[in-house]
Amino acid sequence: VELERAIELAMGRVAERRDALVDLASQLITFDTTARDVGDPPREEAALQSLLARRLGAAGAEVELWEPDPATLAGSRQIPTGWDFAGRPQLIGRFGRRGGGRSLIFNGHIDAVSAEPLDAWRHPPFDPCVIDGRLYGRGACDMKGGVAAMVIAAEVVAELDATGGDLIVNTVTDEESCGAGGAAVVAHGLRADAAIVPEDTDFDVWAGCRGVLSPTVTVLGRAGHAEIRQRPWQEGGAVNAIERSLVVLEAARGLRERWMRDPAHQHPYLSAPDLVPTLIRGGEWWVTYPERCSITFDVTYLPVQADTDGWGTRVEQEIEAALAEAAAADDWLAGHPLQFAWSGDLPPAEIPTDHPLVRTLQAAAARVGRKSRVSGLDSWHDAATFARFGGTPAVSFGPPGTDVDGNFLAHTIDEYVPVDGLVSCAQALAAAALAWTWPDQET
Ligand SMILES: [Zn+2]
């Protein structure tokens with residue numbers, strides 16, 4: 001068959017499987033695969049991955065399902081120490097090929113963010129339902145809907161048995177926390193000529209993302225009775241760590257404003273770097289001058305700020321220098337240096353906006369009548385891991401993920417995905433897979 005004919009056939013078959021697509025997405029939502037911290041027990045990741053493994057195997061894929069050895073990620077700036085994959089296997093399903101075409105990975109994460117507080121949901125988060133053309137549930141748009149769409153698309157493409165290059169379906173755990181699952185499959189050797197991650201981009205192509213750091217800065221004070229008049233600290237009096245932490249907050253705001261104004265931080269589709277205080281913990285007792293106050297920041301940085309290996313070490317140095325300089329100007333803090341703790345580094349990544357993968361996806365979006373811009377994700381996604389560490393050009397491209405006012409539905413209460421958008425997404429993914437892997441295509 002000709003490519004055009006194959007694409008038409010595939011899109012038709014996806015449309016016929018609308019109910020099967022909703023069923024699969026619903027099934028995935030019923031598994032509790034909410035994100036976790038180091039040391040948390042496994043949830044229902046293995047059961048979900050087994051279901052997909054059986055399904056891909058039945059469709060003719062050669063299936064690999066395994067728990068990675070955490071040692072393969074040892075020393076990574078990205079993965080917290082003590083991370084493991086016990087009860088959280090990764091899955092790769094490879095569909096055969098005739099040769100002569102480019103290979104393609106569909107990658108999706110099976111974890112979803114916490115559904116707490118459960119009683120805030122009108123539609124229970126793990127008991128999916130379709131109402132007015134919307135599929136509700138935790139992970140509906142981020143990204144169990146996208147995972148279901150890529151599986152259906154791959155099944156339909158495999159049935160046509162006409163592709164030239166490998167089509168690989170890969171589902172991973174632990175994207176929401178630190179990207180450990182994606183890092184493990186890339187460390188395992190998963191590579192291709194391109195990768196598509198059906199995150200909820202509303203048919204835009206996310207060609208890049210910012211990197212993320214999360215420093216915790218601790219300000220030291222000196223404890224003392226809060227209801228007793230204190231002598232000056234130079235004479236042994238108490239020092240309030242909460243009040244002194246204003247120095248850190250002000251300095252962080254100053255750095256943030258300099259970052260925003262810096263012309264080097266203009267990016268065609270990513271926002272300027274940012275530094276947001278998100279957690280604060282100070283004090284020990286309500287009648288005691290606080291001895292300690294810790295502030296955690298969410299830091300997002302641009303590809304241009306990364307060091308020569310692509311990590312955020314220069315950003316770390318810049319933050320430490322700016323805050324330390326402000327502290328040096330404070331009489332108490334000058335002699336009681338700030339303490340910095342750095343955990344995790346999700347590196348930024350981008351691929352050229354005129355990359356053939358971008359064009360292939362925009363053409364696929366046009367086939368299903370959807371607008372598709374080249375844009376990016378101000379947060380982070382697994383596509384960065386494939387691009388940065390596997391040399392696999394990777395983007396996100398998937399179903400609608402915003403409400404009528406343009407607010408993101410991911411991570412919200414009563415998360416949903418429009419069923420029409422999910423079907424269009426599966427059709428576009430099938431079209432893109434055929435176009436990309438077809439034998440002897442121009443690059
Ligand atoms: Zn996601």
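In case you missed it, the structure is sitting above this.
All values reported here derive from a predicted model rather than from experimental measurement.

Chemist: Looking at this structure, how should I read the overall build of the protein?
Modeler: Counting its regular elements, the protein contains ten helices and 16 strands. Here the C-alpha atoms of the protein give a radius of gyration of 24 Å, agreeing with the 22 Å that 2.2 N^0.38 yields for 443 residues. The long-range share in the protein, meaning contacts at least 24 apart out of those at least 6 apart in sequence, stands at 80%. A total accessible area of about 18,600 Å² is found for the protein, and carbon and sulfur atoms account for 49% of it.

Chemist: Could you clarify how one ought to interpret empty space enclosed by the protein in this entry?
Modeler: Using a probe with the size of a water molecule, rolled over the atoms, empty space left in the structure can be pinpointed. Per the stated rule, a full pass over the model turns up one cavity of 30 Å³ or more. There is about 30 Å³ of room inside the largest cavity. Considering the residues around the largest cavity, the lining is formed by Ala207, Gly208, Cys209, Ala349, Glu350, Ile351, His381, Ala383, Ala384, Ala387 and Ala394. Counting residues per element, the ones that place at least two in the lining of the largest cavity are β8 (205-209), β13 (349-350) and α9 (383-389). Within the lining of the largest cavity, the residues separate by chemical class into eight nonpolar, two polar and one charged.

Chemist: Please clarify how the coordination of the zinc ion should be interpreted in this entry.
Modeler: Each angle at a metal carrying four tetrahedral donors should ideally be 109.5 degrees, and each at a metal carrying six octahedral donors should ideally be 90 or 180 degrees. Taken together, His109 (NE2), Asp142 (OD), Glu199 (OE) and Glu199 (OE) make up the protein donors of the zinc ion, found 1.9 to 2.6 Å from the metal. In this structure, the zinc ion is surrounded by four donor atoms whose angles at the metal cover 54 to 145°, and the resulting shape is irregular. Read N to C, the donor residues that coordinate the zinc ion are spaced as H-x32-D-x56-E. Of this pair, Asp142 sits in helix α4 (residues 140-160) while Glu199 sits in the loop between β7 (195-197) and β8, placing them 57 residues apart in sequence.

Chemist: I would appreciate a short explanation of the layout of surface pockets in the present structure.
Modeler: Considered as a void within the structure, the largest pocket measures approximately 1,100 Å³ in volume. If you go around the largest pocket, you meet 36 residues; those closest to its centre are Glu176, Ser177, Cys178, Val212 and Leu346. For the lining of the largest pocket, the secondary structure elements donating two or more residues are β9 (211-220), β10 (274-282), β11 (292-301) and β12 (339-346). Partitioning the lining of the largest pocket into residue classes produces 15 nonpolar, twelve polar and nine charged. Estimates place the volume of the second largest pocket at around 280 Å³. What lines the second largest pocket is a set of 14 residues, among which Thr201, Asp202, Asp204, Arg373 and Thr402 lie closest to the centre. Here the element with the most residues in the lining of the second largest pocket is strand β14 (residues 374-377); it accounts for three residues.

Chemist: Explanation requested: the pairing of β8 in the structure shown.
Modeler: Strand residues, when the strand is regular, have side chains that alternate between the two faces of the sheet. Most of β8 is tucked away: five of the five residues are buried. Inspection of the sheet shows β8 paired to β13 by two bridges, in the antiparallel sense. Each bridged residue has a counterpart across the sheet, and for Gly208 the counterpart in β13 is Glu350.

Chemist: Sorry if this is basic, but what is going on with the pattern of salt bridges here?
Modeler: Close approach of charged atoms allows side chains of opposite charge to pair. Summed over all chains, the structure comprises 20 salt bridges. The salt bridge partner of Glu4 is Arg367, with a shortest N-O separation of 2.8 Å. Taken as a pair, Glu4 in helix α1 (residues 3-16) and Arg367 in helix α8 (residues 356-367) lie far apart in primary sequence, 363 residues in all. Judged by its relative accessible area of 45%, Glu4 falls in the partly exposed class. Overall, the relative accessible area of 37% leaves Arg367 in the partly exposed class. Among the salt bridges present, the one from Arg231 reaches Glu235, with a minimum N-O distance of 2.7 Å. Residue classification places Arg231 among the exposed positions, given a relative accessible area of 53%. Where salt bridges share partners, they join Arg13, Arg17 and Glu159 into one cluster.

Chemist: I tried to follow the side chain of Asp274 on my own but got confused; where do I start?
Modeler: Following the sequence through the fold, Asp274 ends up in strand β10. In this structure Asp274 comes out as buried when scored by relative accessible area, which is 14%. A distance of 2.5 Å separates polar atoms of two side chains, one belonging to Asp274 and the other to Arg256. Sequence-distant contacts of Asp274, that is, excluding residues within four places in its chain, are made with Arg210, Arg256, Trp259, Met260, Asp298, Val299 and Thr300.

Chemist: Looking at this structure, I do not really get the packing of helix α2 (residues 18-30) against helix α3 (residues 45-58). What am I missing?
Modeler: Packed helices, taken two at a time, are described by the angle between their axes plus the distance between the axes. Closest axis-to-axis distance for the α2/α3 pair is 9 Å, and the angle between their directions is 150°. Put simply, α2 runs roughly antiparallel to α3. Contact residues: Leu24, Gln27 and Leu28 in α2; Leu48, Leu51, Leu52 and Arg55 in α3. Tallied by class, the residues present in the contact of α2 with α3 amount to five nonpolar, one polar and one charged.

Chemist: How do you make sense of α2 when you look at a structure like this?
Modeler: Since there are 3.6 residues in each turn of an α-helix, residues three or four apart along the chain are aligned in direction. End to end, α2 covers 19 Å across 13 residues, agreeing with the expected 18 Å (1.5 Å per residue, within 8%). Turning to α2, its buried residues are Leu21, Val22, Leu24, Ala25, Ser26, Leu28 and Ile29. The elements touched by buried residues of α2 are α3, β4 (129-131), β5 (134-136), α4 and α10 (419-437).

What counts and what doesn't
Residues numbered from 1 in each chain as written. Predicted model: local features only at pLDDT ≥ 70, side-chain atom pairs only at ≥ 80, totals over all residues. Heavy atoms only, no water. Helix = DSSP H or I, 4+ residues; strand = E, 2+ residues; numbered from the N terminus. Rg over C-alpha atoms; globule rule 2.2 N^0.38 Å. Contact = heavy atoms within 4.5 Å. Areas by Shrake-Rupley, 256 points an atom, 1.4 Å probe, with all protein chains shown as cover. 1 Å grid on protein atoms, 1.4 Å probe; cavity = no way out; pocket = protein on both sides within 12 Å on 5 of 7 lines; lining within 4 Å. Points joined across faces, edges and corners; volume = space filled by probe spheres on them. Nonpolar A, V, L, I, M, F, W, Y, C, P; charged D, E, K, R; others polar. Donors = N, O, S within 2.8 Å, 3.2 Å for Na, K, Ca; no water. Tetrahedral: all angles 85-135°; square planar, octahedral: opposite > 155°, others 65-115°. Buried < 20%, exposed > 50% of the residue type's maximum accessible area, 1.4 Å probe, protein only. Pairing = 2+ DSSP bridges. Salt bridge = Lys/Arg side-chain N within 4 Å of Asp/Glu carboxyl O. Polar contact = N/O pair within 3.5 Å; in protein donor to acceptor, adjacent residues only side chain to side chain. Axes fitted to C-alpha atoms, helices over the stretch in contact; angles between N-to-C directions. Parallel < 35°, antiparallel > 145°, perpendicular 65-115°, else oblique. Expected span 1.5 Å × (residues − 1).

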